[in-house]
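Close look at the chain arrangement
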Amino acid sequence: MTGGGGAELGTARCALEDEAEEAEFKLASSLTDPSPTVDREASIAGRGAPGFGEVATETEGDMAAKGAGSSAAADAGSTASDTERSDDGKDKEAKKIQTTTTTQALHGGRSVVQLERDLRVDLGFRGMPMTEEQRRQFSPGPRTTMFRIPEFKWSPMHQRLLTDLLFALETDVHVWRSHSTKSVMDFVNSNENIIFVHNTIHLISQMVDNIIIACGGILPLLSAATSPSSTKSPTVPQTELESVEATQGMSAETANTFLSRLMAMVDVLVFASSLNFSEIEAEKNMSSGGLMRQCLRLVCCVAVRNCLECRQRQRDRGCKASILNSKSQDSLQNIASASKTAIENLPSNLSPIKDPDRLLQDVDINRLRAVVFRDVDDSKQAQFLALAVVYFISVLMVSKYRDILEPQRETARAMSQSGRSIRQEINSPTSTDNPVAFPDSGGMLKEIPTPVEELHLEASLPHTDSGIGEEQVSGVLNGAELEGPPSSMGRIPTPPGAMSELLCTLSSEVKRSQESLLSEPASSSGISRVEVLKPASSISSISQSKGINVKEILKSLVAAPMEGAEAGPEPLPYPDPAIKREAHAMLPMQFHSFDRSVVVPVKKPPPGSLAVNTVGSGSREGLAAGSTPNIFAAASATPKSMINTTGPTEAASSSTNSSTSSSFVNGATSKNLPAVQTVAPMPEDTMENMSITTKLERALEKVAPLLREIFVDFAPFLSRTLLGSHGQELLIEGLVCMKSSTSVVELVMLLCSQEWQNSIQKNAGLAFIELINEGRLLCHAMKDHIVRVANEAEFILNRQRAEDVHKHAEFESNCAQYAADRKDEEKMCDHLIGAAKHRDHVTANQLKQKILNILTNKHGAWGALAQSQLHDFWRLDYWEDDLRRRRRFVRNAFGSTHLDITCKSLEDYGSEEDEGVKAKKGFRSQAVVSQNQETELMLEGDDDAVSLLQEKEIDNLAAHFRPRVIISRGPVVLSTPAQLVAPVIVARGTLSITTTEIYFEVDEDDTAFKRIDSKVLAYSEGLHGKWMFSEIRAVFSRRYLLQNTAMEVFMANRTSVMFNFPDQATVKKVVYSLPRVGVGTSYGLPQARRISLATPRQLFKSSNMTQRWQRREISNFEYLMFLNTIAGRTYNDLNQYPVFPWVLTNYESEELDLTLPGNFRDLSKPIGALNPKRAVFYADRYETWEEEQMPPCHYNSHYSTSTSTLYWLVRIEPFTTFFLNANGNKFDHPDRTFSSIARSWRNCQRDTSDVKELIPEFYYLPEMFVNSNGYHLGERQDGTAVCDVELPPWAKKPEDFVRISRMALESEFVSCQLHQWIDLIFGYKQRGPEAVRALNVFHYVTYEGSVNLDSIADPLLREAMEAQIQGFGQTPSQLLIEPHPPRSSAMHLCFLPQSPLMFKDQMQQDVIMVLKFPSNSPVTHVAANTLPHLAIPAAVTVTCSRLFAVNRWHNTVGLRGAPGYSLEQAHHLPIEMDSLIANNSGVNKRQITDLVDQSIQINSHCFVVTADNRYILVCGFWDKSFRVYSSETGKLTQIVFGHWDVVTCLARSESYIGGDCYIVSGSRDATLLLWYWSGRHHIIGDNPNNSDYPAPRAVLTGHDHEVVCVSVCAELGLVISGAREGPCLVHTITGDLLRALEGTELCALPRLISVSSEGHCIIYYERGHFCNFSINGKLLAQMDLNDSTRAILLSSDGQNLVTGGDNGVVEVWQACDFKQLYIYPGCDAGIRAMDLSHDQRTLITGMASGSIVAFNIDFNRWHYEHQNRY
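These numbers were taken from a predicted model, which means no experiment stands behind them.

**Focus: the overall build of the protein**
Secondary structure summary: the protein contains 58 helices and 38 strands in total. Relative to its full complement of 1766 residues, the protein shows a buried share of 58%. Restricting to contacts in the protein with at least 6 residues of sequence separation, those with at least 24 account for 69%. Counting only carbon and sulfur atoms, one obtains 53% of the accessible surface of the protein, whose full area is about 69,800 Å².

And the structure:
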């Protein structure tokens, strides 16, 4: 049987070796084919004891066939090949990788490079920088396989973790042991520790079966232990063990260490505890009693390994000497490194072997007894355990019997067979650099006699028998040996003093880790050996008594080792010596986080610390105290009760050798236990000569009693179980024998009988195999569980790693984004700082210029009357009035006569025309966008879509647009690239919007910007612009180059700025960052952002302006300006300049009769179709169009281009400079310059390339016709010099031409036809079939939607297309696609009130009523604020005695014919006297009692009434203030200081929505202050909290005397003031002195001033002299009156002047030429003040007699059309 087993095993071994060689190439087959596993398991099982092999083979084979085995063969090969590769000299990194990734290399088949990469990934890149390749591989996420753990392996990390865990648990148990009063059993069974014990047992249960398999498995070990001692090669079981090892991935030494430590834990926690394990078993889904079965397997495994060690020692004795003679050390080491034997894998430094000749050691016997008898109450469980123990002991006993009977083989054979089986240090062949020292069993004295000659052998042979300390004779360390015994390769050990000092001075964590590796053995096999110090005789004495006290056994197991226990645990070493060097290299990186803080410093041993006991020629060596780093191992020498006393020498006292004084547990040592004298081991020579009986009795004397005990105690069960071949009970007769005799021989003979062997094999063998199989299944289940958990952990870790990678990448991108944002923000900050500097520079220059103007003006402080510049240059200001007219000229610091500029010659035009033709041809190849009337609708959606959307919805809509904008966290809300669009430049830059301001900063590095002429830039505002949100009045969406990407913003200072953006989405983003102002308040549209974003057609439909125009509430001029504004026409883009029509055709006659239709143009035709002949030409061109790639058109030029705009405005700056910039710095050829209105009109009728319409300046700006700057424009061919524009004969001066042209524009003929011209320019005849019919088709690139610039990728082509659009002009946006409604006739509206053109019969008398106040004090001020929407429409009067009255206004005049008219209402008088005055009841509420300065003459200028009639402002007070009073209560509400002398006059500008207006105060200090009246807070100034000290908006200087009269016009932004002497001065409301209004010598003493928004300034001088100045300082007319005029008034349109004076006569004049229109009947008293009602129908005068008179006045009756028709 045995021979069969050996043959099988040999076959398996050969197969394993073959597979090992081919492991790299046949991984798949070795992994998938289970047959080698089955064979191996079967062969291992076959190595049973004689007579028992069959059952074992069968059962193990079945179990393996069920899949419980593992593919160990391939693993073994892999391990071998890995070792060879490592020894071949790979660098340290490769070794690291092989150590940690053996399994990966085996199962993944990956290259070493891949392993390195995986290792680096596994280690999280600690300790090594990433290469670029690794970064690329790592950054996207882990690319390693998701599940890299195909089977469980004991990796170094596993072993390290388990070591640490056991160390922690052992530390706790050591604390219990060191307790002074309680025993360990007290702690174990304490309720406080029940959870700790429970969990620890749970852990042990998880580990036990796996560690048993790692140690080699019980059956393979048992087969090795029971095989014939010298007939079989010891390498055969080793092959089996090695293959098992490889599967586990743990070296045998390490496995033995863990096995021993687990055994020690079981001794304490299982055998010593009274805990019931059913709860743990239920948790683990184990069957009942599973834990005790696990303990039995553990005990059996430990016992069998002890047996093997005994056999090894016997072999060593026979072969050591001959090995020395036959083989050198080197060859021995080579052999040893090539194949490690099974016995070598046994922990040689275990020290339970007190008697190698005995079959089982005392401690193993006691443990077997404890297992069987712990839960003896559980009969079934105890019976099963007893049966298994019976089989186990029987097999060993029979095997021992066989070994004693067999004669010894010859020494030579034993030597050769043991060449590979001699116990080597695992690291001795491979790690001679760092030899690992194995500590000796703490304090045990070896009981095996050793020949003296062995000492010499030990000195050179790497030998690790724990009990033998020969090497320590020369050097012993007290404590953990660092590099000491056994000194492999004959190394001289380190002196103890040096080592102790080194130990004591270690400080750093890394050093500590390395020291622990050096100092501690890889197997730590001396650790946790309870059995080491157990008294040899303590259990046997008990077991021989009939009543077995199991508790005593348990107590002896636990307490005995504590005799001379160490003070504290030592840190445990790195467990696996095979990977020690790799661990050294890896440790600082991989394990730096493990805390090795428990280091017990060692002391030098006392001189007498070695106890030597010599028996015969043998010698015993005492061991260094504390050499075992385990908490269970004692640090002291063995107690006397354990020392064999047969030798002549007693061991030295253990107390001197103890490293701690704590050698008592619970007050008792092992001396207190019952002691049984042990049989002394015999010397070697006598042992050889013993008889077989003696040998047998000596070997089995401790085991036999246990077997008898089990047989006796379990007799009923065993007798039923152990049946003979015929069914007889074998135990009955055996019991008789056992009870009658204690003979070991008899018991052995009984077991060796055939009947007993068969029965035990059949019955007990089955139980034992079942026990083993359960262990294997549990082992595999545990491995599967670990693999499953590891897979899950790997999955989770990979996911976390991927998340980490993702987070890292995200973090990197966030960092990069953050850095970019910061960079952008810094760039923006630099940009903003630079912009602020530029702005400050511009502002400083402007301020400097302003101060210079103020000081150096001839009216300034440094000026003299004689001092006047040779030439004052002026330019058109950008200020717009309410009708968007730019009429104001300001001083031009950059002005010039351009004397160096020449005119173009005719040759210059030829080349230009050639270039134009080439450009056109170049574009013919481009795809033409088809004209579609609905293009805009398709782009913008339904007409009413925006108007129906709510603001929030549009906000949400805008959130979806993501323009190329920088959103900043700072004060900047939005920043985007933009272009500032100014008349002739487009400057790239950055628009930044904060929460309160807009900034634009031009990019001065832009090449296009650098090319712009500096003279042009001087006239371009906003290049470094800053605009406050509070100044924004309107925001319009605009087109630029036919793309809807621009925006125009209108400011409170009546200027506008235009920006172009990258795309439409950015426009929306910007609009939503600006205030909700809509398109302003003028057009009847809500102030909402959606209105700003609405299309022109939507604005037109939503506005009320068309209805107002039809009702004649607004003029034709205002309506046309409205249409131009919403259709995208702007002053900021000369290509989109507002368009106005030619209305007159007669520019030849001396007189112009505006009543003749023939003088007016047919507005139903475009300018090109007015001449019939030319119309035919254009129609033919369209019909015979030959260009296939372009749509046909009538005209190649446009009615509005930048060229035509500059053509009209060439004489005024800044357009002169713009013209020169656009024309090569030359004026036009004189024959092509705008020199005559009549000639221009003729060209528009005859020239086929000239279809220009007019610009709005024709109707309001006479200065455009005058060459005021004296430019040299050349001479025409007929010799006439070109200077001022030649006017028609019927216009004597430019002002006449503009006035008459405006009258023509507003005439009835034009009003009736204007809607047809609107259809052509803005309406349904603009494009499509109607445009063709109307001869109104222009070049296709002039139409919106015809070109998509974004689709042109080529920048050169795009630039060319942009140039073409700019050259051809742009058609306005189409506002309506149906005919425009006509204007209602004047006759239909004659009875509607508030109409400026009301031709009515003179029903009323001139005087409506007279109202006499009780006081006779002259009425010096009248303010008629009669608007119906006011809370109190009233005519407020103030008398000379400062008594005021708020007289209620009734709106009765002109009601006849109006809806709701009744005769009763007609009798109502328009003015009702203030009730408080009439009743004389509350006069105190109407009296201003504060005293005025006595030198002040009270007149109309001393008072101002606010527009809502609620407050009266009064000046003239002695304290140099003016004051605000409430008109309701008469109380003082505010006192305003600011002047240095008495305030002499006040004036108020017109009010706007909210009642805000300007107040101007003039003083004797010769200055004026401009104040702001807040209609919201009813105070002077913006801040109600600072109403006591408001600051003026501007200080106006220039007068030399006290200011006596002033007028302010907010619409024009002008303040005109007069002093007691000197000319009137014109200031802007920003404080700039524009000019002096100087006339004849009579114009020196101004007294009264009246300014109209139309630009007329009427000034009355002393002695009855009147002058009419334009706002630009031109004297238009003057006259003299005999009357001493006290009051003057201009009508709202500025056409009529009303005067009144001391003679009591009201006169009406035509303002332009002082032609008298009407004289009212005289009154009986002089007129002191007057005002007009809001509808311009009632004139109220304040009389010197203390009354007021209401006159009926109708300026329309003096209109030329009224006079001519009626």
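**Quick look at the nonpolar core**
Formed by 136 residues in total, the largest nonpolar core has its most connected members in Met1047, Leu1074, Trp1208, Phe1258 and Met1264. Among the elements that line this core, the one with the most residues is helix α47 (residues 1116-1126), at seven residues. Beyond its immediate chain neighbours, meaning those up to four positions away, tryptophan 1208 contacts Trp1142, Phe1234, Ser1240, Lys1252, Glu1253, Leu1254, Ile1255, Phe1258 and Met1264. Counting residues in hydrophobic clusters, the runner-up holds 112 residues, among them Ile218, Met263, Ile365 and Leu700.

**Quick look at the confidence of the model for the protein**
For the protein, the average pLDDT comes to 74, and 66% of its residues sit at 70 or higher. Between residues 1455-1463, whose pLDDT stays under 50, and residues either more than four places distant or in other chains, the model counts 10 contacts.

**Brief notes about the pairing of strand β30 (residues 1665-1670)**
Of all six residues making up β30, six are buried, and the element is well covered by its neighbours. Side chains of β30 alternate between two faces, with His1665, Cys1667 and Phe1669 and Phe1666, Asn1668 and Ser1670 buried alike. In this sheet, β30 lies alongside strand β29 (residues 1656-1661) in antiparallel orientation, the contact comprising six bridges. Each bridged residue has a counterpart across the sheet, and for cysteine 1657 the counterpart in β30 is phenylalanine 1669. Taken together, β29 and the strand that follows it, β30, pair antiparallel across an intervening segment of three residues, in which arginine 1663 is found at a positive phi of about 70°. Two strands pair when backbone bridges link them, and β30 and strand β31 (residues 1675-1680) are joined in this way by five bridges, in the antiparallel orientation. The partner of phenylalanine 1666 across the bridge, within β31, is methionine 1679. Where β30 folds back on β31, the antiparallel hairpin that results is connected by four residues, among which glycine 1673 adopts a positive phi of roughly 95°.

**Side note on the sheet that holds strand β28 (residues 1646-1651)**
Strand order in the open sheet formed by four strands is β28-β29-β30-β31, and the pairing between neighbours is antiparallel. Two strands in the sheet have a free side with no partner beyond their single neighbour: β28 and β31. Sheet twist, expressed as the average angle between the axes of neighbouring strands with direction ignored, equals 15°.

**Section: the environment of asparagine 1159**
Tracing the sequence through the fold places asparagine 1159 in the loop between α47 and α48 (1172-1183). Look at asparagine 1159 and you get buried, because its relative accessible area is 8%. In sequence terms asparagine 1159 and leucine 1144 are 15 residues apart; their C-alpha atoms lie 5.7 Å from each other. Discounting residues that sit within four places of it in the chain, asparagine 1159 has contacts with Val1143, Leu1144, Thr1145, Asn1146, Leu1152 and Asp1153. Separated by 3.2 Å, the side chains of asparagine 1159 and asparagine 1146 make a polar contact.

**With respect to the pattern of salt bridges**
On inspection of all chains with the given rule, the structure shows 52 salt bridges. One salt bridge in this structure joins arginine 1686 and aspartate 1702, with 3.2 Å as the shortest N-O distance. One end of the pair, arginine 1686, is in strand β32 (residues 1685-1690); the other, aspartate 1702, is in the loop between β33 (1696-1701) and β34 (1706-1710), with 16 residues separating them in the sequence. Taken together, the shared-partner salt bridges in this structure form one network comprising Asp209, Arg293, Arg297 and Glu774.

**Description of the packing of helix α12 (residues 194-215) against helix α15 (residues 252-271)**
At their nearest, the axes of α12 and α15 sit 9 Å apart, and the two run at 145° to each other. The handedness of the crossing between α12 and α15 comes out as left-handed. Contact with α12, carried on its side by Val197, Thr200, Ile201, Ile204, Met207, Val208, Ile211, Ile212, Ala214 and Cys215, involves Ala255, Asn256, Phe258, Leu259, Leu262, Met265, Val266, Leu269 and Val270 of α15 and no other residues of that element. Across the contact of α12 with α15, the residue classes tally to 17 nonpolar, two polar and no charged.

**A short note on helix α21 (residues 379-405)**
An ideal rise of 1.5 Å per residue puts 39 Å on 27 residues; α21 measures up with 38 Å between its terminal C-alpha atoms. Buried residues dominate α21, accounting for 24 of its 27 residues.

Parameters at a glance
- Residues numbered from 1 in each chain as written.
- Predicted model: local features only at pLDDT ≥ 70, side-chain atom pairs only at ≥ 80, totals over all residues.
- Heavy atoms only, no water.
- Helix = DSSP H or I, 4+ residues; strand = E, 2+ residues; numbered from the N terminus.
- Buried < 20%, exposed > 50% of the residue type's maximum accessible area, 1.4 Å probe, protein only.
- Contact = heavy atoms within 4.5 Å.
- Areas by Shrake-Rupley, 256 points an atom, 1.4 Å probe, with all protein chains shown as cover.
- Core = buried A, V, L, I, M, F, W, Y, C linked by side-chain atoms within 4.5 Å.
- pLDDT = per-residue confidence, 0-100.
- Pairing = 2+ DSSP bridges.
- Axes fitted to C-alpha atoms, helices over the stretch in contact; angles between N-to-C directions.
- Polar contact = N/O pair within 3.5 Å; in protein donor to acceptor, adjacent residues only side chain to side chain.
- Salt bridge = Lys/Arg side-chain N within 4 Å of Asp/Glu carboxyl O.
- Left-handed = near helix turned anticlockwise from the far one by under 90°.
- Nonpolar A, V, L, I, M, F, W, Y, C, P; charged D, E, K, R; others polar.
- Expected span 1.5 Å × (residues − 1).

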